[in-house]
Structure formats: C-alpha cells, structure tokens
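# Structure at a glance
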Amino acid sequence: ARTATQGTSGRRPLFKTNVLNGKPGILFDGVDDCLVLSGWSLPGSATVFVLAQPTNANQSGGMILSTVTNFSGAFQLFRYQGSAPSLYANNLFGNAQAPITPSTSVFSASFRFTINSAASWRLNGTNLTTANTLTGNAFQFSQIGALDNPPAGPYAGYIFAALIYSTYFSDADCATVEAYLAAY
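Residues numbered from 1 in each chain as written. Predicted model: local features only at pLDDT ≥ 70, side-chain atom pairs only at ≥ 80, totals over all residues. Heavy atoms only, no water.

Here we come to the overall build of the protein. On a plain count of helices and strands, the protein comes out with 1 helix and 14 strands. Burial analysis of the protein (184 residues in total) assigns 51% to the buried set. Accessible area of the protein: about 8200 Å², with a carbon and sulfur share of 49%. (Helix = DSSP H or I, 4+ residues; strand = E, 2+ residues; numbered from the N terminus. Buried < 20%, exposed > 50% of the residue type's maximum accessible area, 1.4 Å probe, protein only. Areas by Shrake-Rupley, 256 points an atom, 1.4 Å probe, with all protein chains shown as cover.)

Below is the structure:
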C-alpha cells in the first residue's frame, strides 16, 4: 500500500525493459523526474537499500532517495553534488557525509539509522562513515529521484530496486539483502 506517484506527466521517469541482466529498471532523466510517497513516516529505526546505476558520473544532483526538505530531518541516500559526491544526511543527522567515487557502474547502497542514536551507510557491501543522530521524533521518506516541489537535486540514471525495512539491520543482515540485490 505504498504507491509512488507523479501528477505531472512530463516529470515521470520511464519504465525500461531488459536493462540489467534481462530485468527492467526505472530511468530518471536528471532534469526533473521525481516520484512521491506522500506522508510516509518511518518508525524510530529503519534500513533502506537501493540498487541503481547512474547514467552521468558528474551530475550535479543525484538524490536517489530523500526526505522532504521542510521536515525536521533529511537525507539523500546518494548524491553527486558539486565536487563532493557522497552518501549524505543533513539536519537530523548532523550534515554527515560518506564520500564516494563518482561512477556509472551498477551499485548497491544502504542507509540505516535509529533516531537519537546511530546512522551509517554501506556501499557495495562495505561499511562507510557513521554519524550520530541529533534529534527527532519521526522520519518521513517521500522523494524518489529528486526533491519534488520545487524540483531540485535530480538523479540521472536507473533505479532497479528500493527496499525499506522498519528496523536497524546488522552487518550480517545487510549482507543478506546485498546478496539478494547482487543477483538481480
């Protein structure tokens, strides 16, 4: 019962068949494509995974998954922003970044957090920078491919899978999901 929508037809990403190992993907144009999950608040802990492939290694946005900008906390699971591509979280997570190398390769990335406790990222099965959360009562995940209104930080590339769990995963649990994604 979690449907991602886009009311403006020109801002909808394209569904493409036979993209990765004969399987489909959703292609975002890097201009203004965005899908929205309205008002979806996650519990106090969560782990989010994505399997994706950028089509532009030097894009200026690259927000694959993000929260609304006017909420008390925000994150972008992946972004290419200026000269500092990174997995990124701000406000609620204290502007923490995990620097990455820009690429157009297929990758899996995850972000896991517990409000008022810990947040961390993984990229292709490797743990990256961790950060302590600052404060917060809820966490609202609602943007896929860009911020919606006004359009900002657009991602150019494919998203093959996005998995969201309402618990903080251990490294071993992350590795299990990553193995599943690697078989896509």
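Continuing now.
What follows covers the pattern of salt bridges. Tallied over the entire structure, the rule returns 3 salt bridges. Residues R122 and E178 are paired through a salt bridge, measuring 2.8 Å at the closest nitrogen-oxygen approach. One end of the pair, R122, is in strand 11 (residues 118–123); the other, E178, is in helix 1 (residues 171–182), with 56 residues separating them in the sequence. Overall, the relative accessible area of 5% leaves R122 in the buried class. Within this structure, R112, R122, D171 and E178 form a network of salt bridges that share partners. (Salt bridge = Lys/Arg side-chain N within 4 Å of Asp/Glu carboxyl O.)

As a further point, take the side chain of S110. Of note, S110 is situated in strand 10 (residues 107–114). Note on S110: relative accessible area 1%, which makes it buried. If we ignore the near neighbours within four places in the chain, the residues touching S110 are V48, F49, L77, S120, W121, R122 and E178. (Contact = heavy atoms within 4.5 Å.)

This part takes up the side chain of R112. Looking at the element boundaries, R112 is found in strand 10. R112 sits in the buried class, given a relative accessible area of 5%. Polar contacts involving the side chain of R112 include one to the main-chain carbonyl oxygen of F169, which spans 2.8 Å. Only 2.6 Å separates the side chain of R112 from the side chain of D171, close enough to count as a polar contact. (Polar contact = N/O pair within 3.5 Å; in protein donor to acceptor, adjacent residues only side chain to side chain.)

Judged by nonpolar contacts, the single largest core of 26 residues is most densely connected at V50, I64, L65, L87, F107, I144 and I159. Of all elements in the fold, only strand 5 (45–54), strand 7 (74–79), strand 10, strand 11 and strand 13 (139–144) reach the threshold of two or more residues within this core. Sequence-distant contacts of I64, that is, excluding residues within four places in its chain, are made with V50, A52, F78, F107, Q143, I144, G145, Y155 and I159. Listed in part, the 13 residues of the second largest apolar core include L20, L27, L163 and C174. (Core = buried A, V, L, I, M, F, W, Y, C linked by side-chain atoms within 4.5 Å.)

A few words now on helix 1. Compared with an ideal rise of 1.5 Å per residue, which puts 12 residues at 16 Å, helix 1 spans 16 Å between its outermost C-alpha atoms and is within 8% of the ideal. Listed as buried for helix 1 are C174, V177, E178 and L181. All buried residues of helix 1 fall inside an arc of 105° around its axis, so they share one side. Opposite its buried face, helix 1 presents the exposed residues A172, T176 and Y180, each directed more than 90 degrees away. Tucked inside the fold, the buried residues of helix 1 contact strand 5, strand 10, strand 11 and strand 14 (156–165). (Expected span 1.5 Å × (residues − 1). Arc of directions from axis to C-beta.)

What follows concerns the pairing of strand 14. Burial analysis of strand 14 places 7 of its 10 residues in the buried class, which makes it a mostly covered element. Bridge analysis of strand 2 (residues 23–29) against strand 14 gives 4 bridges, and the strand direction is antiparallel. Looking across to strand 14, one finds that D29 is bridged to A156. Relative to strand 14, strand 5 runs antiparallel, the two sharing 8 bridges. The residue bridging V48 from the neighbouring strand is I164, located in strand 14. (Pairing = 2+ DSSP bridges.)

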